[in-house]
Amino acid sequence: MDELGMWDATLGLPEQMEAALGTVGRLCDLPAPDQVEHVVVLGMGGSGIAGDVAVATAAPYMPIPVVVVKGYELPSFVGPRSLAVALSFSGNTEETLEVLAGALDHGARAVAISAGGELARVAAERGVCHVAIDGSIPQPRAALGALTVSLLGVLERVGFFPGASAWIGHAIERLRQRRDELEKGTLASDLASALVGTIPIVLGSGAVGQVAALRWKNQINENAKALAVASVLPEAGHNELTAFEAYPELLASTVSLVFLRHDGEHPQISRRVAFMEREIAPRVHRAVSVHGQGVGELATFFDLAFVGDVMSLRLAEALGTDPGPIPMLNALKQYLSGPAA
Ligand SMILES: O=P(O)(O)OC[C@H]1O[C@@H](O)[C@@H](O)[C@@H](O)[C@@H]1O
């Protein structure tokens, strides 16, 4: 399959989600809801964040908890009454493969979501349901729409998140509107111009803002190869708020703040933002705010994330970096596959 470029893949998010929604209905055997006590999502980086999206947007409406595992450690409660969903775009991420093997050894039911790789092979070998992701997407982080839709589709199919397809439909609709705005206006490049040369601290409002802030951070890291920090309100009002006393010159020259806000924001979070805008925004180089909209948490998350995705491509342009390749991350994988020191 031909590889899409990062710009095309990023801007094609609504169509990517629509296509994934079309395929997720054709799934193999899934457990009955009364066989499952919790969902454990296994994944790293641009794939694992789909688990965080599910926690912020689906879990609040689900009758059982969703836990995301990003690493090698399998929680001890994982057993025959767990549904493990392993997400890896490449299918070759060692942490994901290792915890999935552990979950299966402990008797968990499982679903594997990938564009192929070792995960697809293991799924076939161990009789695990496999959901295929479009392998023409150029990078795992550009596949967030397909990965999230597949995960939410699994939750809907098992019966834990009825209505997922409708929420996904609202997200697609909102993303199309946002794409028009982004293509006609200058929001993404204005934001990139405000942030270039700084270390952005991205503060999200509540659970939806938290995962959007994480996505912004990761996209700035991987697309622009630049440092960023993700944080969340209200929690930051109990610690970080007080951290703007030291290094005043450094703050004024190199730190920026991004507030990721939305219609569903708790009124006390709005007041916290107002306080922070008054007290700490004047101490940093620049402070900007993005307002997410959409019907429901999923649409709101994707709206905020989409602005960050396109902004991070603009930031890569401003920094003269190719947004696709991630040589340092590949070098780490190569180092890890070599002999242990
Ligand atoms: O998403 P998978 O393919 O499991 O890879 C896990 C992660 O690996 C990293 O090195 C990057 O490539 C991320 O973008 C990616 O998400």
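Since this is a predicted model, take the numbers as computed values, not measurements.

Caption draft 1: Representation of the site of the ligand. Close to the ligand lie 13 residues, the nearest being S47, S88, S90, T93 and E222. Between an oxygen atom of the ligand and a main-chain N or O atom of G46, the distance comes to 2.8 Å. With respect to the ligand, the side chain of T93 contributes an N or O atom lying 2.5 Å from an oxygen atom. Within the complex, the protein chains bury 91% of what would otherwise be the 370 Å² of accessible surface of the ligand. In this structure, the ligand is accommodated by the largest pocket. Residue assignment for the shell around the ligand shows that the elements contributing at least two residues are α3 (45–57) and α13 (327–337). Top contributing element to the shell around the ligand by residue count: α3, with 3 residues.

Caption draft 2: Broad picture of the layout of surface pockets. Here the largest pocket defines a volume of roughly 710 Å³. Lining the largest pocket are 24 residues, with M44, T93, E95, L329 and K333 positioned closest to its centre. Put simply, the parts of the chain that give the lining of the largest pocket at least two residues each are α3, α4 (94–105) and α13. Taken together, the residues of the lining of the largest pocket sort by class into 9 nonpolar, 10 polar and 5 charged.

Caption draft 3: View of unusual backbone geometry. A cis amide bond, omega 15°, links L233 with the succeeding residue P234. Mapped onto the elements of the fold, P234 is located in the loop between β7 (229–233) and α10 (248–254). With phi around 55°, K225 is a residue other than glycine that occupies positive phi space. Tracing the backbone through its elements, the reader meets K225 in the loop between α9 (206–224) and β7. Phi at Y247 takes a positive value of approximately 55°, unusual for a residue other than glycine. Of note, Y247 is situated in the loop between β7 and α10.

Caption draft 4: How the structure looks around the sheet that holds strand β2 (residues 66–69). Read from one edge of the open sheet, 5 strands run β2-β1-β3-β4-β5, paired in parallel fashion. Two strands close off the open sheet at either side, each with one partner strand: β2 and β5 (129–132). Here the strands of the sheet are splayed against their neighbours by 20° on average, with no regard to which way each runs. Sheet topology places strand β1 (residues 38–42) next to β2; 4 bridges connect them, and they run parallel. Each bridged residue has a counterpart across the sheet, and for V40 the counterpart in β2 is V67. Helix-sheet contacts for α4 involve β1, β2, β3 (82–87) and β4 (109–114), and the interaxial angle to β3 is about 160°.

Cut-offs applied
- Residues numbered from 1 in each chain as written.
- Predicted model: local features only at pLDDT ≥ 70, side-chain atom pairs only at ≥ 80, totals over all residues.
- Heavy atoms only, no water.
- Near = heavy atom within 4 Å.
- Polar contact = N/O pair within 3.5 Å; in protein donor to acceptor, adjacent residues only side chain to side chain.
- Areas by Shrake-Rupley, 256 points an atom, 1.4 Å probe, with all protein chains shown as cover.
- 1 Å grid on protein atoms, 1.4 Å probe; cavity = no way out; pocket = protein on both sides within 12 Å on 5 of 7 lines; lining within 4 Å.
- Sits in = over half its atoms within 2 Å of the grid points.
- Helix = DSSP H or I, 4+ residues; strand = E, 2+ residues; numbered from the N terminus.
- Points joined across faces, edges and corners; volume = space filled by probe spheres on them.
- Nonpolar A, V, L, I, M, F, W, Y, C, P; charged D, E, K, R; others polar.
- Pairing = 2+ DSSP bridges.
- Axes fitted to C-alpha atoms, helices over the stretch in contact; angles between N-to-C directions.
- Contact = heavy atoms within 4.5 Å.

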